[in-house]
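Listed here are the chains, written in short residue letters.
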Amino acid sequence: ERNSTEALMRELRNPRYDERIQQAIDEDRHLRASEIERMTNAYARNLQRHRALVIAQTESLRMVNEARNRAVRQAARTAGVDVKRGTKTWQTTLDGRERPSHNALHGQTVPIDEPFTSPSGAQLMYPGDTSLGAGAAEVVNCRCAVVYNFEE
């Protein structure tokens, strides 16, 4: 509506409209309301798909890490190992896309029964954990893992 190039920089835009938008900007003319509506509807669909994917990935990681946590505890008990002698270490995917708080958590080792504490103050038993009140800023799109260790 404002002939702004901002529309061309949105990650979830539908690129098939880029040429039409750029042409309208170059010619200093406004798009018709029906064109704008079609483009914003396409953006809304992309946004919904993206949001669904983020939710699915976030919840999947949380479930995998919760299951791994339970499985490690069960395996230790079955093997007769005292779970209290175990530790866990936070492993962050260090690729430049990690959040600063998870970068700071990388390599933090705590007893298995204790939470990791993020610089934000959030406490998590494992990546994706919200049971101790960690908010979305700590869990959405997290790609971290935990490595478990037991004394022999």
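To be clear, the structure that these remarks concern was listed above.
Residues numbered from 1 in each chain as written. Predicted model: local features only at pLDDT ≥ 70, side-chain atom pairs only at ≥ 80, totals over all residues. Heavy atoms only, no water.

**Student:** I'm lost on the overall build of the protein chain in this one. Help?
**Tutor:** Looking only at helices and strands, the protein chain features 4 helices and 5 strands. What you see for the protein chain is a C-alpha radius of gyration of 23 Å, clearly larger than the 15 Å of a compact globule of 152 residues, by over 25%. Taken over the C-alpha atoms alone, the protein chain extends approximately 75 × 25 × 25 Å along its principal axes. Classification of the 152 residues of the protein chain by burial places 34% in the buried group. When contacts within the protein chain are restricted to residue pairs at least 6 apart in sequence, those whose partners lie at least 24 apart make up 55%. Surface summary for the protein chain: the accessible area is close to 9,700 Å², and the carbon and sulfur share equals 50%. (Helix = DSSP H or I, 4+ residues; strand = E, 2+ residues; numbered from the N terminus. Rg over C-alpha atoms; globule rule 2.2 N^0.38 Å. Buried < 20%, exposed > 50% of the residue type's maximum accessible area, 1.4 Å probe, protein only. Contact = heavy atoms within 4.5 Å. Areas by Shrake-Rupley, 256 points an atom, 1.4 Å probe, with all protein chains shown as cover.)

**Student:** How should I be thinking about the side chain of Asp 18 in this particular structure?
**Tutor:** Locating Asp 18 in the fold gives a position in helix H1 (residues 18-26). Asp 18 gets classed as buried once you look at its relative accessible area, which sits at 17%. Separated by 2.9 Å, the side chains of Asp 18 and Arg 13 make a polar contact. Aside from chain neighbours lying at most four places away, what touches Asp 18 is Leu 8 and Arg 13. (Polar contact = N/O pair within 3.5 Å; in protein donor to acceptor, adjacent residues only side chain to side chain.)

**Student:** Would you mind showing me how to read H1 here?
**Tutor:** Along an α-helix, residues three or four positions apart point the same way, because every turn accommodates 3.6 residues. For H1, every residue scored as buried is listed here: Asp 18, Ile 21, Ala 24 and Ile 25. The buried residues of H1 occupy an angular sector of 135° when the element is viewed end-on, so they sit on one face. Exposed residues on H1 whose side chains face more than 90 degrees from its buried face are Glu 19 and Asp 26. (Arc of directions from axis to C-beta.)

**Student:** Can you help me understand the side chain of Asn 65 in this one?
**Tutor:** Mapped onto the secondary structure, Asn 65 falls in helix H2 (residues 33-78). At 3.3 Å, the side chain of Asn 65 and the side chain of Arg 68 are in polar contact. Aside from chain neighbours lying at most four places away, what touches Asn 65 is Tyr 126, Pro 127, Cys 144 and Ala 145.

**Student:** Mind showing me how you'd approach the sheet that holds strand E5 (residues 145-150) here?
**Tutor:** What links the strands of a sheet is backbone hydrogen bonding, and the strands pair in either a parallel or an antiparallel sense. Judged by pairing direction, the sheet is antiparallel, and its 3 strands sit side by side in the order E2-E1-E5 without closing on themselves. Looking at the sheet topology across the chains shown, the edges are occupied by strand E2 (109-111) and E5. Averaged over all pairs of adjacent strands, the angle between their axes in this sheet comes to 30°, without regard to strand direction. When strand E1 (residues 86-91) meets E5, the two strands line up antiparallel, connected through 6 bridges. Paired with Lys 88 across the two strands is Tyr 148, which belongs to E5. Packing against the sheet, H2 makes contact with E1 and E5, and its axis sits at approximately 10° to E5. (Pairing = 2+ DSSP bridges. Axes fitted to C-alpha atoms, helices over the stretch in contact; angles between N-to-C directions.)

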